[in-house]
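Working through the structure, step by step
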Amino acid sequence: MPIRRRPGWDLPAHTLSPEAAVLDRRRVLATTAIGAGAIAAGALGLRAAFGQGRDPIGWWEAQVGNDPTRDLYPAARVETYTLDRPLTDTRETITYNNFYEFGSHKGIWQAAQRLPTRPWTVTIDGMVATPRTIDVDALIRRFPLQERTYRFRCVEAWAMAVPWVGFPLADLVRWVEPLGGARYLVFETFQDATVAPGFRQSWYPWPYRDGLTIDEAMNELSLMVTGVYGKPLPPQMGSPVRVITPWKYGFKQPKSIVRISFTDRRPVSFWETLQAREYGFWANVNPEVPHPRWSQATERMLGTGERRPTLIWNGYGEYVAQLYDGLKGERLFA
Ligand SMILES: Nc1nc2c(c(=O)[nH]1)N[C@H]1C(S)=C(S)[C@@H](COP(=O)(O)O)O[C@H]1N2
Ligand SMILES: [Mo]
């Protein structure tokens, strides 16, 4: 049985995400010995390096000035994907994040500034015609970038509406030519304990990973995201490249990807490894299937706090419902 418990480094309870509350007692006790000191040291180093209280937008603009792909922005907007709600305020989006590598709370934007996003390579391996490792700038320049406005829904019931910039994941899949038997692809996040304190929290099954079926990856909605709000991604949002599948809960959408593997076996994700009873493979947004610990009927918009009814498939059923026709017996929620 999972229990809700406050870890030893004593975050205010309201900043601790429900996703983090899956830890069992043994793991929680282990943190007090090692975790607290390591995290405190990381935070101090950061304050020394960057100074306190800098404006998140200012940080971002400074990074954009050094980004080798900045000439690709802003990208042309594809008008097909319309929203039923206003875009979420930029500052809210870039300062309220889940990125457990940098801490199991929402306020990691400053800690994430330590992520060295260049040089950066992405390895594409497993069941593909030609496994390869590609420089991320070459990857980003390989496919035309476009802007799309999408709804985003975290399994914790907060939501936002975001203008992402990226290229269709289908373009990448076609380029790498999966072998006939390949059925899934798995995204893996960077893992470097010298830049992110979360890796010292050894009860997490690092690196962060999650996967999709090839059919899901080929769906027109699936986007390899390199930017947001007309600029390259800030580190806290998964720079230099992440994946976005807007009909799925946020945890299915790994950030700062270093590897994409093609396989014939269904992968077990980071969250599924931690708590299979709560987080499964499909993780499609569904207001009628509660999380074991809370309802999914409504969501809270970042910034405004507005409560809205959650939409089945997060409102993208016309694009994706047919992907799941043969799977009615499976848990299609989390
Ligand atoms: N590498 C990595 N990717 C991740 C996560 C994470 O902790 N690490 N959290 C996921 C979860 S739970 C959510 S809700 C989204 C949050 O994305 P955002 O912070 O850019 O809004 O990132 C997802 N991708
Ligand atoms: Mo999430």
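What this report covers is the structure whose coordinates are included nearby. Since this is a predicted model, take the numbers as computed values, not measurements.

Let's shift gears to the sheet that holds strand 5 (residues 184-189). Strand order in the open sheet formed by five strands is 2-1-10-5-6, with mixed pairing between adjacent strands. On the outer flanks of this sheet lie strand 2 (132-135) and strand 6 (209-213), each paired with one strand and no other. In this sheet, adjacent strand axes meet at a mean angle of 20° when their direction is disregarded. As defined by bridge partners, strand 5 adjoins strand 6 across five bridges and the pair is classed as antiparallel. Residue pairing in the sheet places Glu188 in a bridge with Arg209 of strand 6.

Taken together, 19 residues form the shell around ligand 1, and within it Tyr100, Glu101, Thr189, Arg242 and Lys255 come nearest. Asn98 has a polar backbone atom sitting 3.1 Å from an oxygen atom of ligand 1. Note that a nitrogen atom of ligand 1 is positioned 2.8 Å from one of the side-chain N or O atoms of Glu101. For ligand 1, whose free accessible area comes to 540 Å², the fraction covered by protein is 100%. Its atoms largely coinciding with the cavity grid, ligand 1 occupies the largest cavity. Each residue belonging to the shell around ligand 1 can be placed in one class, and the counts come to 10 nonpolar, five polar and four charged.

Within the secondary structure layout, Thr263 lies in strand 10 (residues 257-263). The contact partners of Thr263, leaving out residues within four places of it in the chain, are Met127, Ala182, Arg183, Tyr184 and Val186.

Working definition: an aromatic ring pair is given by the centre-to-centre distance plus the angle between the planes. Per the stated rule, a full pass over the model turns up 29 aromatic pairs. Where Phe99 meets Phe190, the ring centres are 6.3 Å apart and the plane angle is 75°; that geometry is what we call edge-to-face. Remark: Phe190 occurs in the loop between strand 5 and strand 6 and Phe99 occurs in the loop between helix 3 (90-95) and strand 1 (121-126); sequence separation between them is 91 residues. Exposure class is identical for Phe99 and Phe190. Each is buried.

As a further point, take empty space enclosed by the protein. Summed over all chains, the structure comprises three cavities of 30 Å³ or more. The calculated volume of the largest cavity comes to roughly 260 Å³. Around the largest cavity, the lining comprises 22 residues; the ones closest to its centre are Asn98, Arg242, Gly250, Gln253 and Lys255. Considering every element that reaches the lining of the largest cavity, the biggest residue donor is strand 4 (residues 158-168), with three residues. Its volume calculated, the second largest cavity comes out at about 40 Å³. What lines the second largest cavity is Asp67, Thr69, Tyr73, Arg118, Ile140, Thr226, Pro232, Leu233, Ser239 and Pro240. Taken together, the residues that form the lining of the second largest cavity break down as five nonpolar, three polar and two charged.

This part is about the pattern of salt bridges. A side chain with one charge can pair with a side chain of the opposite charge if their charged atoms come near. Scanning all chains against the criterion turns up 20 salt bridges. Note that Asp125 is salt-bridged to Arg259, the shortest N-O span being 2.9 Å. Highlighted residues: Asp125 in strand 1 and Arg259 in strand 10, separated in sequence by 134 residues. The exposure class of Asp125 is buried, given its relative accessible area of 17%. Look at Arg259 and you get partly exposed, because its relative accessible area is 31%. Of the charged contacts in the structure, one is a salt bridge between Arg259 and Glu188, with a shortest N-O distance of 3.6 Å. In this pair, Arg259 sits in strand 10 while Glu188 sits in strand 5, placing the two residues 71 residues apart along the sequence. What you see here is one network of salt bridges that share partners, running through Asp84, Arg85, Arg151, Arg153, Glu299, Glu306 and Arg308.

Quick notes on the rules
Residues numbered from 1 in each chain as written. Chains lettered and ligands numbered in written order. Predicted model: local features only at pLDDT ≥ 70, side-chain atom pairs only at ≥ 80, totals over all residues. Heavy atoms only, no water. Pairing = 2+ DSSP bridges. Helix = DSSP H or I, 4+ residues; strand = E, 2+ residues; numbered from the N terminus. Axes fitted to C-alpha atoms, helices over the stretch in contact; angles between N-to-C directions. Near = heavy atom within 4 Å. Polar contact = N/O pair within 3.5 Å; in protein donor to acceptor, adjacent residues only side chain to side chain. Areas by Shrake-Rupley, 256 points an atom, 1.4 Å probe, with all protein chains shown as cover. 1 Å grid on protein atoms, 1.4 Å probe; cavity = no way out; pocket = protein on both sides within 12 Å on 5 of 7 lines; lining within 4 Å. Sits in = over half its atoms within 2 Å of the grid points. Nonpolar A, V, L, I, M, F, W, Y, C, P; charged D, E, K, R; others polar. Contact = heavy atoms within 4.5 Å. Phe/Tyr/Trp six-rings, centres within 6.5 Å; stacked < 30°, edge-to-face > 60°. Buried < 20%, exposed > 50% of the residue type's maximum accessible area, 1.4 Å probe, protein only. Points joined across faces, edges and corners; volume = space filled by probe spheres on them. Salt bridge = Lys/Arg side-chain N within 4 Å of Asp/Glu carboxyl O.

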